[in-house]
Amino acid sequence: MTTLLYGTILHNLTMVYCTCMLQTFPALDPDEVSYEPRSSRLLVRGLGENDMDEDEEDCESSARLLGMSFMNRSSAHRSSSSPYTRQAPPRSCSRPSARTMVVCLLFLVVVASMTMVLYFLPGCTFTKTGCRKANKTTPLEPVYPVSTNGELFPWAQFRLPRSIRPLSYELTLNPDLDNMTFTGHTVINMLVFHNTKRIVLHAANLNITKATFKLGDGEASHVTVLEYKPRQQIAVKFSEDLKAGQFCVLTLDYFASLSHTYGGFYNSSYIDKDGKKRVLAATQFEPLSARKAFPCFDEPAFKATFLIKISRKLNYMTLSNMPMAKTKSLPNGLVEDEFEKTSVNMSTYLVSFIVADFTPINKNVSETLVSVYSVPEKKKHTDYALDTASKLLEFYNKFFEINYPLRKLDLVAIPDFLAGAMENWGLITFRETSLLVGNQSSPLEKQVVASVIAHELAHQWFGNLVTMSWWNDLWLNEGFATYMQYMSLQTVFPQLDIGNLFLAVRFRALDKDALNSTHAVSTEVNTPEQVEEMFDSVSYEKGASILLMLNASLPGDQQFRKGIIQYLKQFSGSNTDTDDLWNSLTEVEVSAQHQNVSEMMRSWTSQKGFPLVTVSHKGDQVTFTQEHFVLTPDNTTHTSSLWNIPVTYVNDSCSLAPECKQVFTLKTKSGILKVPESVKWLKLNYRNTGFYVVDYGDDGWTALIDALSHNISVLTNDDRASLIHNIFALSRLGRVSFHHVLNLLNYMSKETETSPVTEALLQLNRIYRLLDKRREQGLVARMKKYILLHFGSLMDTQTWEEEESVSKQELRSAVLETACSLNAEKCTQKAKALFKQYVESNGTFRIPGDLQQVVFTVAAQSNENWLTLINMYGHVTYDAEKRKMLRSLASTQDAQRIVWILQAGLRGQFIQTQELPLVISTVCDGFAGYLFAWDFIQDNWNQLIEKFPVGSFAIQRIIKSATSQFSTQTHLDQVQGFFSSLKERGSQMRSVQEALETIRLNQRWMERNLPALRKWL
């Protein structure tokens, strides 16, 4: 009876509360219907998009959160004797009157009723007009967060509303490099797309001192700017609607500190040739840091033009995206440089400016002034970059049939820069190691620089001219730039022999994508951490790999190029998603018989992972079967996943020339191919252009192993490397025994080509380090003996003089690094002798660039030479050499030095903090250092995520380096415990899930294979 009465009271109070209390919430814009982050914790789903009435918006919140918001705002009015606070009973009291008791009872009933409504029984939807429908049919109002001044912030989503679009920005920046601060003046011209009472944009760590707003031709008036810091958003609210089609201007003055991290408008420094500290300021805005330099609509789809002015001292120079228009003197003794207004619409993450004392070299290429900037003392290292950029710019202009649209293209080497490079339109910024090479640099070092330049120049079309609409399709930028990087170098600089590197990165992309914790190429992105985590091998290397596979499967050699030219021309200046690309490629199909590109490729971008193709060959019939290759299947793994696979294959009668390649399209779970009965074996995935792994079954593997044992030249280098990668992957999966792996590797004593050797050594070294970290000393000794037995003759025949062939440099650096790491005496003695000669020559003797790493690493293992190296590191100016010295110093097995070098990387003085991920990775490779590194990461996590954003590639690399060689339950528990304790400071990162999965896989592999290894080795 009491329950029924209570329910009736609750119902009546709910009706009153719903109707009255919600009147104060702002009205919804139509764009709140469109943007509903699917994973938002604030959302309670109502009607589907197509089921809504016109006056009902699909938006976020819940009754419980609404109640909390209301009660929090009301808390200031409660007295200390609130009924919510338990009071100590008085020692004596008088009997209350009947009236008092009734009032108190009613008050308690009301409070209890409201509590039950708000927390337990939300019987209606809280809409503007009251409770008209049940929760199951009506979407809920958003709970607006509270801004810094206590007012409600008028937006409750991660993505910005689409009611306002910026047209142009006028930015005036006044950096003070003495005090590491800057002031700014931003004018944003905007267009109202549909009626709204608010403008919402981004700003982070900016102190806004003045804000005015002008509508159309009206007068500018002061406005209040609200800020919601958790989402780095600011807003201006209006009492009346801004009408669709109106133009308006928002002007903001602000001040801020230059960032001490690597994002936003940040300060940097270097020591010049005279030993003096020189200070500069540079920008890195991708993905979410333009908002740290100026208020803006900081999402890729909000393209606009930019006019930029920067003040400086007379002894500095400034650079920005466009050429300088004019310079004027200011009353305070400074000068102000004004740059031309951008001739293209740009996303905010591509804006860039630099204040520094740099020196350029330049040349004109196709009506574009190409310049390379560096600190003055490194100008002599810029010639190769200028020549490379000039040739690649000409190539891309012709290949895309669209000329680079700006009048200048600057490539700038920044002394302290976290990313490898950044494709800012017209002002590409680089790490010094990614742009500068010495006059005597090895071809391998030039390959690195050329690769980065080719990647960033490709972005001027893929990313800048045509930009993904949102970060979920980042691969449209990065996958394309990665693919074009390799394709362009193969054409323009064939002597750099880039094919081996492209093959190796495709193998590594397969390794990562085999994890259950991977993600689809195009995947949902709803938080800043998820945006950062998109910058990984799936977006880059897998994206490039599936483009290679598509191009290889299309008839002729022009359909792919024609398709991407159409894509670029059709969407020039615009934003796109993945389907736009596939549609462009489908529209230019040259063969009516060929399958639809959209149909084929959606299976590769919309689902995670890749297929395992199993081959069964009996007589004249070959059966292909596909399934998801996933190392850790679970209940959520889609066993029904299917890919549209262009299966390429060769056989024993014709296996080397491109004309031998045949294609079978596997769309279903299995397919049957007829072959002549004389065919002894098939090799699938010709030259590994497809993104899948192949299992040939016991008979198939035996036939291929037998063929290689008789004649290794029966398959191409790439195909032999592909077999090695695949069989190790299948061993990790548990589909083949490690005995099969060793059987295949028996032929390696005859192998002399780069790709198969480097892949085999990488896989064996990975197992060697796992055994070493588990203290399996008996097996470690046997594994060492095995490697030296199979590769010893190759190690002994390597030369130590200058070598012009990039492929041979790649081979000998990998072979000799393995030999010396295993303490092969011939290798270590030669390395020590070269280092001694290098030191005693006083800089006149040069160690070949590809051998510097192995020589420095051997030297760093002795006390005397480590001290010599640390002294050299402090004085050497050539950055590629300096980085090799740092890796060598971090390879020490001395505990005190390991601790010192980790701390020095964190402090960022003697060792730049940008190198800390490299230092940690190198320390973790050694037996003495990997536990020190893990402790260091745990102890300094807060400092690490201050320097590198949560989810960033630097953090991903640190986590992977520290955990990927763990293989015990104890370490699994430690890693799980630490990261779960972080909560919002990193516990939800995908890289954490990858780390845990990798440890479990290592553990599983060891349990399966340790007994067999003891037997077979």
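Our structure's up above, just so we're on the same page.
Reference entry: report on the structure contained in this document. (Residues numbered from 1 in each chain as written. Predicted model: local features only at pLDDT ≥ 70, side-chain atom pairs only at ≥ 80, totals over all residues. Heavy atoms only, no water.)

Section: the pattern of salt bridges
Let me state the cut-off plainly: Any Lys or Arg side-chain nitrogen found within 4 Å of a carboxyl oxygen on Asp or Glu counts as a salt bridge. Summary of the burial criterion: residues with accessible area below 20% of their type's maximum are buried, those above 50% are exposed, and those between are partly exposed, where the area comes from a 1.4 Å probe applied to protein chains only. The way it works is that DSSP assigns letters per residue, a run of H or I at least four long becomes a helix, a run of E at least two long becomes a strand, and they are numbered from the N terminus.
Scanning all chains against the criterion turns up 40 salt bridges. Across the pair Asp298 and Arg291 runs a salt bridge whose closest N-O atoms are separated by 2.9 Å. Across this residue pair, the class does not change: Asp298 and Arg291 are buried. Ionic pairing is found between Lys569 and Glu401, a salt bridge with its closest N-O pair at 3.7 Å. One end of the pair, Lys569, is in helix 11 (residues 559-570); the other, Glu401, is in the loop between helix 5 (383-400) and strand 18 (408-414), with 168 residues separating them in the sequence. Through salt bridges that share partners, Glu445, Glu802, Arg846 and Lys884 make up one connected network.

Looking at unusual backbone geometry
Here the residue pair Glu286 and Pro287 is connected by a cis peptide bond, since its omega of 5° sits within 30 degrees of zero. Among the structural elements, Pro287 can be located in the loop between strand 10 (277-284) and strand 11 (305-312). Even without being a glycine, Arg775 presents a positive backbone phi close to 60°.

A word on the environment of Asn651
Threshold: For this analysis, residues touch if any pair of their heavy atoms sits within 4.5 Å.
Residue placement: Asn651 occurs in strand 25 (residues 645-651). Remark: the alpha-carbon pair of Asn651 and Val714, spanning 63 residues in sequence, is separated by 9.7 Å. Look past the residues within four positions of Asn651 in its chain and what remains in contact with it is Gln662, Val679, Trp681 and Leu682.

What to know about the layout of surface pockets
Using the following cut-off: Any residue with an atom within 4 Å of a point lines the site, the site being either a cavity, points on a 1 Å grid over the protein atoms alone where a 1.4 Å probe fits but cannot get out, or a pocket, an open set with protein on both sides within 12 Å along at least 5 of 7 lines. Grid points are joined across faces, edges and corners, and a volume is the space filled by probe spheres set on the points. In this classification, the charged set is Asp, Glu, Lys and Arg, the nonpolar set is Ala, Val, Leu, Ile, Met, Phe, Trp, Tyr, Cys and Pro, and all remaining amino acids, among them Gly, are polar.
Space inside the second largest pocket adds up to approximately 1300 Å³. Along the wall of the second largest pocket there are 44 residues; nearest its centre are Ser269, Tyr270, Ile271, Gln909 and Gln912. Of all the secondary-structure elements, those providing two or more residues to the lining of the second largest pocket are strand 9 (264-271), helix 22 (863-875), helix 23 (879-890) and helix 27 (941-947). If one sorts the elements of the lining of the second largest pocket by residue count, strand 9 sits on top with 6 residues. Of the residues that constitute the lining of the second largest pocket, the class distribution is 12 nonpolar, 17 polar and 15 charged.

A word on the side chain of Ser441
Short version of the rule: Under this definition, polar contacts are N or O atom pairs within 3.5 Å; protein pairs additionally need one hydrogen-donor-capable and one acceptor-capable atom, and for neighbouring residues in sequence, both atoms have to be side-chain atoms.
The residue Ser441 is located in the loop between strand 20 (427-431) and helix 6 (443-459) in this model. On the basis of relative accessibility, which here comes to 8%, the residue Ser441 falls in the buried class. A polar contact of 2.6 Å, which involves the side chain of Ser441, links it to the backbone nitrogen of Gly438. Only 2.6 Å separates the side chain of Ser441 from the side chain of Tyr878, close enough to count as a polar contact. Setting aside its immediate chain neighbours within four residues, Ser441 contacts Lys446, Arg846 and Tyr878.

Digging into the sheet that holds strand 6 (residues 226-228)
Just so we agree on the cut-off: Strand pairing follows a simple DSSP-based rule, namely that at least 2 bridges must link the two strands. Between N-to-C directions, angles span 0 to 180 degrees; the directions come from axes that are lines fitted to C-alpha atoms, helices contributing only their stretch in contact.
The sheet built from 3 strands is open, its strands ordered 3-7-6 with antiparallel pairing. Of all the strands in the sheet, just strand 3 (196-202) and strand 6 have a single pairing partner and so form its edges. Averaged over neighbouring strand pairs, the angle between their axes works out to 30° when direction is ignored. Where strand 3 lies against strand 7 (residues 233-242), 6 bridges are found, and the strand directions are antiparallel. Bridge pairing in strand 7 places Ile199 opposite Val236.

Points about the state of the cysteines
As a reminder of what qualifies: Any pair of cysteine sulfurs within 2.5 Å is marked as a disulfide.
One pass over the full model with this rule turns up 2 disulfides. A sulfur-sulfur distance of 1.8 Å marks the disulfide that ties Cys654 to Cys660. Residues Cys654 and Cys660 are joined through a disulfide that is left-handed, its torsion about the S-S bond being -70°. Residue classification places Cys654 among the partly exposed positions, given a relative accessible area of 33%.

Focus on the nonpolar core
Worth spelling out the cut-off: Throughout this description, the term nonpolar core refers to a set of buried Ala, Val, Leu, Ile, Met, Phe, Trp, Tyr and Cys residues connected via side-chain atoms within 4.5 Å.
Counting residues in hydrophobic clusters, the biggest one holds 301 residues, and the most contacted among them are Phe294 and Trp941. Looking at which element gives the most residues to this core, the answer is helix 5, with 10 residues. When sequence neighbours within four positions are dropped, the list of residues in contact with Trp941 reads Ile955, Ile959, Phe978, Phe979, Leu982, Arg985 and Met989.

Describing the packing of aromatic side chains
The following threshold applies: Aromatic pairs are defined between Phe, Tyr and Trp rings, using the six-membered ring for Trp, whenever the two ring centres lie within 6.5 Å; interplanar angles under 30 degrees are classed as stacked, those over 60 as edge-to-face, and all others as tilted. Ring-over charges, as used throughout, are those where CZ of Arg or NZ of Lys falls within 6 Å of the ring centre and within 35 degrees of the ring normal.
The final tally for this structure, using the stated rule, is 52 aromatic pairs. Relative to Phe480, the ring of Phe462 lies with its centre 4.0 Å away and its plane at 5°, an arrangement referred to as stacked. Residue Phe462 is found in the loop between helix 6 and strand 21 (467-468), and its partner Phe480 is found in helix 7 (residues 475-492); the two are separated by 18 residues along the sequence. Side by side, Phe462 and Phe480 carry an identical accessibility label, which is buried. Over the face of the ring belonging to Phe399 we find Arg561, whose NZ or CZ atom lies 5.1 Å from the ring centre.

Overview of the sheet that holds strand 18
Working definition: the strands of a sheet are paired by backbone hydrogen bonds and lie parallel or antiparallel to each other. A sheet is described by the order of its strands in space; here 5 strands give the open sequence 16-17-18-20-19, paired in mixed fashion. What marks the edges here is a single partner per strand, and that holds for strand 16 (359-365) and strand 19 (421-422). Across the sheet, helix 6 lies against strand 18, strand 19 and strand 20, angled at about 150° from strand 20, the strand it touches most.

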